[in-house]
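Fold and contact review
The chain contents come next:
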Amino acid sequence: MNTSTTPNSGVPAAPCVPRTSDHMALAPLAISQVEITGGFWGRWQDRNRSVTMPHSMKWLERDGALDNLRRLFATDGAPARRGMRFSDSDLYKALEGIAWDLGRQPSSELEAILDEAVQVLEKAQLDDGYLNSWVQAGEAERFADLPHGHEMYCAGHLIQAGVAHARTTGRPELLAVARRLADNLVREFGDRRRVDVDGHPEIETALVELYRHTGERSYLDLATQFIDVRGYGVIGKGDFGSAYFQDEVPVREQDTVVGHSVRALYLLAGFLDVYLETGETVLLEAAERQWSSMVAEKTYLTGAVGSRFEGEAFGDPFELPPDLIYGETCAGIASVMATWRLLLATGEGKYADLIERTLHNLFAASTNTAGDGFFYVNPVQRRQPWAPAPEDTKPLRSDAPGTRPAWFDCACCPPNIMRTVASLSTYLATADAAGVQLHLYAPTAMTVPMNQGTVRLTVETEYPTDGVVTVRVQEAPEQPWTLSLRIPAWARGATLEVAGEHHEAIPDALGYVRVERTWTVGDVVRLELPMPVRLTVAHPAVDAVRGSVAIERGPVTYCLESHDQADGVDLDHVELVSGGALRVVPSDDLLGGTLAIEADGLVRDDSGWAGHAGWATLGEEPTAPARKVTLTAIPYYLWANRGPSAMRVWVPLTTS
Ligand SMILES: [Zn+2]
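Tallying secondary structure elements over the protein gives 14 helices and 22 strands in all. Compactness check: the protein gives a C-alpha radius of gyration of 25 Å against a globular reference of 26 Å for 656 residues, within 12% of the reference. In terms of its C-alpha atoms, the protein occupies a principal-axis envelope of roughly 75 × 65 × 45 Å. Looking at the protein as a whole, 60% of its 656 residues are labelled buried. By sequence separation, contacts in the protein at least 24 residues apart represent 69% of the contacts at least 6 residues apart. Accessible surface, the protein: about 23800 Å² in total, of which carbon and sulfur atoms supply 49%. If the 57 positive side-chain charges of the protein are averaged to one point and the 88 negative ones to another, these points end up 1 Å apart.

Structure representation (structure tokens):
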């Protein structure tokens, strides 16, 4: 067994661990090095383990994801294969989530789930390493339907699960299954024996990680090959054209993100992984161009991406309707994955800004407060309360019910949430030769081995409820080192105290304040990021919300939900008064305790339009008297937890 598969081998147990430091500005830390000790994300990690994981395993059993594999070696009475052709990947993502969670805390129950699944996979795997329940069930020939078959997509998720399991527990079995499948792919496709690629990227990032973990170069070479051959129409046009598959323009020449949003962003993560190993700057430059275009023109305020239901795709620039948004949860997760790699490559805080925005809004909204219901589609406006999710059954993915369903026919999102929550601590901080960087703020205890010696820190904060972050030095080498703290793009008037002394808190060009000194045990750093309520506007080309504002506080985007408004307030007719009051209202009894925001608003009477066409000559439109109301906003991520509702993030701003 490769020694790097042991948890104490020095390879951090994290999802993305570049093998060389030559092309990364910042080095990731392991789950075991950064412990979330409470707060918003700590509670969620606890809920992920106690509720979401058993809930998901129950559904994976019920829907056949495990039986689809068991039947491959069953000697009698095997049930027919059920579910999506890529149901294996749902199981693999869940196993990856469990593996990362075992890195946080041991659990004999979770280990038993993994052990049983590994035994199933070992038995289902063919002698030559091939493993896919859809093909082995006889539904298709091996690698015969690369555009739609998802064989390599499933393989990629198996590889990621195997690497996670090995990194957190030192156990080699799942990694061995994954490696046999990867070797099968290398034999089939490597050295350009076959110039083709899976329609759904994912294998690229997984193969690079497998190379990182094993040192086997053929995995990196195959990942690079898959990136090289894409973009020349090799996949075919399918129902939506080559752009849907990111197969219209080679990634090195591509300036923006196109097509199916999850595919585009897994691919972005994959070719950034290749860059992090090879240092091919053309790849980094292409990634920076695509990311910049995405953030400037194709990302919602919540961090959601992919506005079109058709093709689950990115739209044109500024095509960001709030009510018709697709905004798949997996696309938001893929955005975080790709953006994290850009942060590691460059050290630029703008990447942490997007990760924070996406996690606290789109991602946080993806799960209900109980931890057993999930959004696939994440609207930022719902005009009318839609029917609630059916009890104990699963809707199609394209359904966007009024509440979060327990599961989906296409169940990619819930296990993706599982693995992201379980590995969340690896996104909070990094290290480099100079010191430690804090990117996202949560209560944590971290241990960072540096050349100068071990640094141990604790972070205390109520973030995002307030913006006070207190860092205590628990252990420090005798040589000086630098503590870097990110100043979010939204923050104004940040203050910093170091060991009782006031320090300048103006961020540098990368977005961080940096304190270099010889630290001693007991030193305290206090960063305060003021969090007044602020109003946010969209780029004027986003026609759908032009003239509107969104309420935000700190990293949290707010929404108006019908449950919280006075009787008779129709959210289709509300306006926010420019210059009006915006009051923070601590609400301990609301949705488990939150900060609501009250705003001066108007409700505009549209009764004059009754019986009228939906348009009128300018100057002749029906008069629309308005009455004053107090509008109540809640954090966007909490909407749809009290039954179906209307909701909106963007609200027209009025001066009258
Ligand atoms: Zn999904």
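Back to the text.
Bringing the nonpolar core into the picture now. Formed by 215 residues in total, the largest nonpolar core has its most connected members in Val436, Leu438, Leu483 and Leu485. Leaving out residues up to four positions away in the same chain, leucine 485 has contacts with Leu438, Tyr441, Val471, Leu496, Gly511, Tyr512, Val513, Val525 and Leu527.

With that settled, consider the pairing of strand β15 (residues 548-553). The buried count for β15 comes to six of six residues, which makes it a mostly enclosed element. Pairing of strand β14 (residues 533-536) with β15 involves four bridges; the strand directions are antiparallel. Along β15, the bridge assignment pairs valine 533 with arginine 553. Where β15 lies against strand β22 (residues 650-654), three bridges are found, and the strand directions are antiparallel. Residue pairing for β22: alanine 550 is matched across the bridge by tryptophan 650. Where β15 and strand β16 (residues 556-561) come together, two bridges link them in antiparallel fashion. Across the sheet, residue glutamate 552 finds its bridge partner in β16, namely threonine 557. Joining the antiparallel neighbours β15 and β16 is a turn of two residues, in which glycine 554 adopts a positive phi near 55 degrees.

Tallied over the entire structure, the rule returns 20 aromatic pairs. Centre to centre, the rings of tryptophan 291 and tyrosine 351 are 4.4 Å apart; their planes meet at 70 degrees, and the pair counts as edge-to-face. A residue pair is termed long-range when its members are at least 10 positions apart, and tryptophan 291 in helix α11 (residues 281-297) and tyrosine 351 in helix α13 (residues 349-365) qualify at 60 residues. Classification of tryptophan 291 as buried rests on a relative accessible area of 5%. The buried category is assigned to tyrosine 351, whose relative accessible area is 0%. Over the aromatic face of tyrosine 211 sits the side chain of arginine 19, whose NZ or CZ is 5.7 Å from the ring centroid. Here the basic side chain of arginine 62 rests over the ring of tryptophan 59, its NZ or CZ set 4.1 Å away from the ring centre.

Attention shifts here to the coordination of the zinc ion. Protein coordination at the zinc ion: the donors are Glu328 (OE), Cys330 (SG), Cys412 (SG) and Cys413 (SG), at 2.1 to 2.3 Å from the metal. Of note, the zinc ion draws all its donor residues from one chain, in the sequence arrangement E-x1-C-x81-C-C. Grouping residues by exposure puts cysteine 412 and cysteine 413 together as buried.

Our focus in this paragraph is empty space enclosed by the protein. Evaluated as defined, the whole model comprises five cavities of 30 Å³ or more. Among the elements of the structure, α3 (87-104), α6 (151-169), α8 (203-214), α12 (329-346) and α14 (413-422) are those that each provide at least two residues to the lining of the largest cavity. With five residues, the top contributor of residues to the lining of the largest cavity is α12. Partitioning the lining of the largest cavity into residue classes produces 13 nonpolar, five polar and five charged. The calculated volume of the second largest cavity comes to roughly 90 Å³. Gln246, Val249, Val251, Gln254, Thr256, Val257, Val258, Ala264, Leu267, Phe271 and Gln290 are the residues that line the second largest cavity. Broken down by element, the residue count for the lining of the second largest cavity peaks at three residues, all from helix α10 (residues 261-278). Grouping the constituent residues of the lining of the second largest cavity by class yields seven nonpolar, four polar and no charged.

Here tyrosine 275 is to be found in helix α10. In this structure tyrosine 275 comes out as buried when scored by relative accessible area, which is 8%. It is 9.9 Å that separates the C-alpha atoms of tyrosine 275 and glutamate 285, two residues lying 10 residues apart in sequence. Aside from chain neighbours lying at most four places away, what touches tyrosine 275 is His23, Glu280, Thr281, Leu283, Leu284 and Ala345.

Of all six residues that make up β16, six are buried, and the element is covered over most of its length. Here β16 shows two buried faces, one formed by Val556, Tyr558 and Leu560 and the other by Thr557, Cys559 and Glu561. Of the pairings in the sheet, the one linking β16 to strand β21 (residues 647-648) comprises two bridges and is antiparallel in character. Within the sheet, the bridge partner assigned to glutamate 561 lies in β21 and is methionine 647.

Reading the values: rules and limits
- In every chain, residue numbers begin from 1 and rise along the written sequence.
- Local features in this predicted model are restricted to residues of pLDDT 70 or higher, and side-chain atom pairs are both shown and tallied only at a pLDDT of 80 or more, whereas totals for entire chains, interfaces and linings draw on every residue.
- Excluding hydrogens and water, the side-chain values take into account all heavy atoms of the structure.
- To qualify as a helix, a DSSP run of H or I must reach at least 4 residues; to qualify as a strand, a run of E must reach at least 2; elements of each kind are numbered from the N terminus.
- Atoms considered for the radius of gyration are the C-alpha atoms alone. The globule rule reads 2.2 Å times the number of residues to the power 0.38.
- Each residue is assigned to one of three classes by its accessible area relative to the maximum for its type, calculated with a 1.4 Å probe on protein chains only: buried under 20%, partly exposed between the two thresholds, exposed over 50%.
- Two residues form a contact once any of their heavy atoms are found within 4.5 Å.
- Using a 1.4 Å probe, accessible areas were evaluated by the Shrake-Rupley method; residue-level cover was limited to the displayed protein chains.
- Counting rule for charge: Lys and Arg are taken as positive, Asp and Glu as negative, and neither His nor the chain ends is counted.
- In plain terms, the charge of a residue is placed at NZ if it is Lys, CZ if Arg, CG if Asp and CD if Glu.
- Here the nonpolar core consists of buried residues drawn from Ala, Val, Leu, Ile, Met, Phe, Trp, Tyr and Cys, with membership extended through side-chain atoms lying within 4.5 Å.
- Two strands pair if DSSP finds at least two bridges between them.
- The rule is short: rings of Phe, Tyr and Trp, with Trp giving its six-membered ring, pair when the centres are within 6.5 Å, and they are stacked under 30 degrees, edge-to-face over 60, tilted in between.
- In this scheme, Lys NZ or Arg CZ marks a charge over a ring once it lies within 6 Å of the ring centre and within 35 degrees of the ring normal.
- For Na, K and Ca the donor cutoff is 3.2 Å, while for all other metals N, O and S atoms must lie within 2.8 Å; water is not among the atoms, so some sites may look incomplete.
- A cavity here means a set of 1 Å grid points, computed over protein atoms only, where a 1.4 Å probe fits but cannot escape. A pocket is an open set with protein on both sides within 12 Å along at least 5 of 7 lines, and lining residues have an atom within 4 Å of a point.
- Grid points are joined across faces, edges and corners, and a volume is the space filled by probe spheres set on the points.
- In the scheme used here, Gly and all other residues not listed as nonpolar or charged are polar, with Ala, Val, Leu, Ile, Met, Phe, Trp, Tyr, Cys and Pro taken as nonpolar and Asp, Glu, Lys and Arg as charged.

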